[in-house]
2 protein chains.
Amino acid sequence: MRRIGVFDSGVGGLSVTKELINARVFEQIIYYGDTARVPYGVKDQNTIIRYALEAVEFFKNFEIDLLIVACNTVSAYALDEMRAQSNFKILGVVEPGVEAVVSTDISLDAQILVLATHATITSGAYQSALQHRGYSNIAAKTTGLFVPIVEEGLYSGAILDATIEHYLSACKQPDAIILGCTHFPLIKDQISRYFNNKSLIIHSGEAISMQLLEEFGEIDKNLKTEIKLFASQNPEALKQTAKDWLT
Amino acid sequence: MRRIGVFDSGVGGLSVTKELINARVFEQIIYYGDTARVPYGVKDQNTIIRYALEAVEFFKNFEIDLLIVACNTVSAYALDEMRAQSNFKILGVVEPGVEAVVSTDISLDAQILVLATHATITSGAYQSALQHRGYSNIAAKTTGLFVPIVEEGLYSGAILDATIEHYLSACKQPDAIILGCTHFPLIKDQISRYFNNKSLIIHSGEAISMQLLEEFGEIDKNLKTEIKLFASQNPEALKQTAKDWLT
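Because the structure is a prediction, the values reported are computed rather than measured. (Residues numbered from 1 in each chain as written. Chains lettered and ligands numbered in written order. Predicted model: local features only at pLDDT ≥ 70, side-chain atom pairs only at ≥ 80, totals over all residues. Heavy atoms only, no water.)

Here's the deal with the interface of chain A and chain B
To be explicit about the condition: Contacts between residues were defined by any pair of non-hydrogen atoms, one from each residue, lying within 4.5 Å. Note: buried area is the sum, over both parts, of the accessible area (probe 1.4 Å) each one loses when the two are combined. Polar contacts, as used here, are pairs of N or O atoms within 3.5 Å; protein pairs need one atom able to donate a hydrogen and one able to accept it. Residues neighboring in sequence count only if both atoms are side-chain atoms. Counting from the N terminus, the helices are DSSP H or I runs at least four residues long and the strands are E runs at least two residues long. Just so you know the grouping, Ala, Val, Leu, Ile, Met, Phe, Trp, Tyr, Cys and Pro go in nonpolar, Asp, Glu, Lys and Arg go in charged, and all remaining residues, Gly too, go in polar.
With 25 residues of chain A at the interface, the matching set in chain B holds 25 residues. Taken over both partners, the interface formed by chain A and chain B buries close to 1800 Å², and the fraction arising from carbon and sulfur atoms is 56%. For chain A, the biggest contributors to the area lost against chain B are L145, I159 and Q233 of chain A; these three give 28% of the whole. Linking chain A to chain B there are 10 residue pairs in polar contact (both at pLDDT 80 or more). Among the elements of the structure, α2 (45-59), α8 (146-151) and α9 (158-168) of chain A are those that each provide at least two residues to the side of chain A that touches chain B. With six residues, the top contributor of residues to the side of chain A that touches chain B is α9 of chain A. Taken together, the residues that form the side of chain A that touches chain B break down as 13 nonpolar, seven polar and five charged.

Comments concerning the confidence of the model for chain A
Atomic detail in the predicted coordinates should be set aside for any region of low pLDDT. The criterion, for reference: The pLDDT value expresses, per residue, how confident the predictor is, ranging between 0 and 100.
Put simply, chain A has an average pLDDT of 94, and 100% of its residues get 70 or more. Scoring the predicted complex yields pTM 0.90 and, for the interface, ipTM 0.87.

Some remarks on the sheet that holds strand β1 (residues 3-8) of chain A
Residue and element names in this part refer to chain A. Here is the rule we go by: DSSP bridges decide pairing: two strands pair if at least two such bridges lie between them. Here an angle of 0 to 180 degrees is reported between the N-to-C directions of two axes, which are lines fitted to C-alpha atoms, with helices fitted over the stretch in contact.
Pairing within the open sheet is parallel, and its five strands lie in the order β4-β3-β1-β2-β9. Two strands lie at the open edges of the sheet, namely β4 (89-91) and β9 (226-231), each paired on one side alone. Going across the sheet, the axis of each strand differs from the next one's by a mean of 20°, ignoring polarity. Direction of pairing for strand β2 (residues 28-33) relative to β9: parallel, over a ladder of six bridges. What sits directly across from I30, in β9, is K228.

Here it is as structure tokens:
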């Protein structure tokens, strides 16, 4: 049986999980959200690595073929340390997000805007991965308030509008926008509209499931993936969110 | 030597610490902020109690006379459990906040509005303490987004205005407002202005230091309180914030 693990700081990784279910690549998904300690995006590097290594220990309880790190912040800071401590393959979301940009036809001098948490932006992970692929016009913007706004379910309205204006008014019109946080796809339309729907929007969750589909291939069109959900706090709330998001 | 401990989920308790310094009641303050796991206001009861008991163990390393729980969420949920596990006195901020209301001349049928995090409001701690003192018109409102907004330093402007409107537009004009979170005093003026500066504003931090001054008495007008700062993540950042706030 093909079994995959998904690790996220909270519930946001369910958006990646949904893509994985739709891709029909794995028979079982073990999801672990560190809901007691979310958000990670305001934590410092040492703390993020410490918590990420605890997650590796958790996943050692299961025979997984691959661990997806759905959280951009963990992907940006802790992959090397996690790999050194695990006996399974680990894949973050930063590289697939950048590969998704590469797979489009935008030019190397296109204006690319990365939106993410404080920790992810500070790590420089997206910026250096993009530079490494030859892109030269990269703007990176910390948009931390988007996280609690999405968590309050305020996907539109005056608060979100004011926050988008606050963060993005100084940004040049981007050719592509990388949504570098699992929460941001939920306000994708509002971000896109702010730039007159003229920017290509890249969501790492979609990118990663495309990559896995290529690598592993679809198992069966009728496959019903089994999901096992774990949380460091209030697993019932995670299960309820999963019910809403995944069905 | 009189030594006091101050526990908070993050840096917010420094506002209480400042009041304690000004009151000149203690010669040494041991401050511990659980900055790695902040915010507590979105966590559930079991997690809050677990983290609060870890803080008790931390303070057992020092001979303190009293522990102040500056965090409203911990005060609302975990005081009994903390007291059962400690050999020092523990004081939360909910009771002093309510006593501060009692010490004013507002009537028992005055409209009282409690603003706090999701966890604090859900606990019902302020509501039942106020009812217990005879107040009958109590409104309680979760205003969770105020926390990250204050943490981003957005003490005024369009985002805060939209958020105040979102949370408070349905509230009746209050006679008194209890700021039930250490972050909220930083946006006290904006909240007050929304209600035409006609509401009495109660801040638990001020209330607790008044209570301690009464109980212990001022030591010495020239006393320079020594502060020792500890954090579960990035103590340097806590020290920098303390430098900004306390001097």
